[in-house]
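Here is what each chain is made of, one letter per residue.
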Amino acid sequence: MQELQCVDGIVHEEWRDIRDYEGRYQVSNLGRVKSLARDRRGKNNGLVPMPERIMRLTPKKDNGRTKPYVEVRFRNGGLRTERCKAFLVHRLVADAFIKPLEPGEQVDHKNGLHSDNRVENLRVLTWLDHAKLHPSLHRPRDPATGRLQSGK
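Keep in mind that this is a model prediction, so the values were computed, not measured.

### Examining the sheet that holds strand β2 (residues 25-28)
No. 1: The strand order β1-β2-β3-β6 describes an open sheet built from four strands, whose pairing is antiparallel. What marks the edges here is a single partner per strand, and that holds for β1 (15-17) and β6 (53-54).
No. 2: Judged from the three bridges that link them, β2 and strand β3 (residues 33-35) form a sheet pairing that is antiparallel. The residue bridging Y25 from the neighbouring strand is S35, located in β3.
No. 3: Lying on the sheet, helix α1 (residues 89-97) is in contact with β1, β2 and β3; it crosses β2 at an angle near 85°.

See below:
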């Protein structure tokens, strides 16, 4: 677990609702995600109480292109047989604590560690600014092989 140390030596963690999942899930300034206490539908359509819990974060499958990002999966409130939706944790933190993300905006890890999702390690950039910082990530790929094309 990553901690935010303050001058007084006390760890301060702030929680905020996740957009479109208000009242169900929250994200913290330390990059943790929790499911809030609520009732869910059981097998016989009855209500089953669910306690608040810190959610498991998993590395996204490594595609060989970059270090894997950390993701979390949410349910939309439907049946447990329905698929969960995956979200990148760094984007949830930036959206809640820096600014609401617009389509096309990218979130960069200042220290290069994709598992460090503390708000002070993140910054929101345009695609162009991100490409200037990391040009190798934005080179075109060969459509047949998926490999990066050589820079010309």
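Structure's up, so let's keep going.
### Observations concerning the pairing of strand β5 (residues 47-50)
No. 1: The pairing of strand β4 (residues 38-41) with β5 spans four bridges and is classified as antiparallel. When the sheet's bridge partners are listed, R38 is paired in β5 with M50.
No. 2: Hairpin connection, β4 to β5: the antiparallel pair is bridged by five residues, and N45 has positive phi, about 70°.

### Focus on the sheet that holds strand β8 (residues 70-74)
No. 1: Sheet architecture is open: three strands sit in the order β7-β8-β9, paired in antiparallel fashion. Across the chains shown, the open sheet's two edge strands, defined by having one partner strand only, are β7 (58-59) and β9 (85-88).
No. 2: Of the pairings in the sheet, the one linking β8 to β9 comprises four bridges and is antiparallel in character. Residue pairing for β9: V72 is matched across the bridge by F87.
No. 3: The strands that α1 touches are β8 and β9; relative to β9, the one it contacts most, it runs at about 70°.

What counts as what
Residues numbered from 1 in each chain as written. Predicted model: local features only at pLDDT ≥ 70, side-chain atom pairs only at ≥ 80, totals over all residues. Heavy atoms only, no water. Pairing = 2+ DSSP bridges. Helix = DSSP H or I, 4+ residues; strand = E, 2+ residues; numbered from the N terminus. Contact = heavy atoms within 4.5 Å. Axes fitted to C-alpha atoms, helices over the stretch in contact; angles between N-to-C directions.

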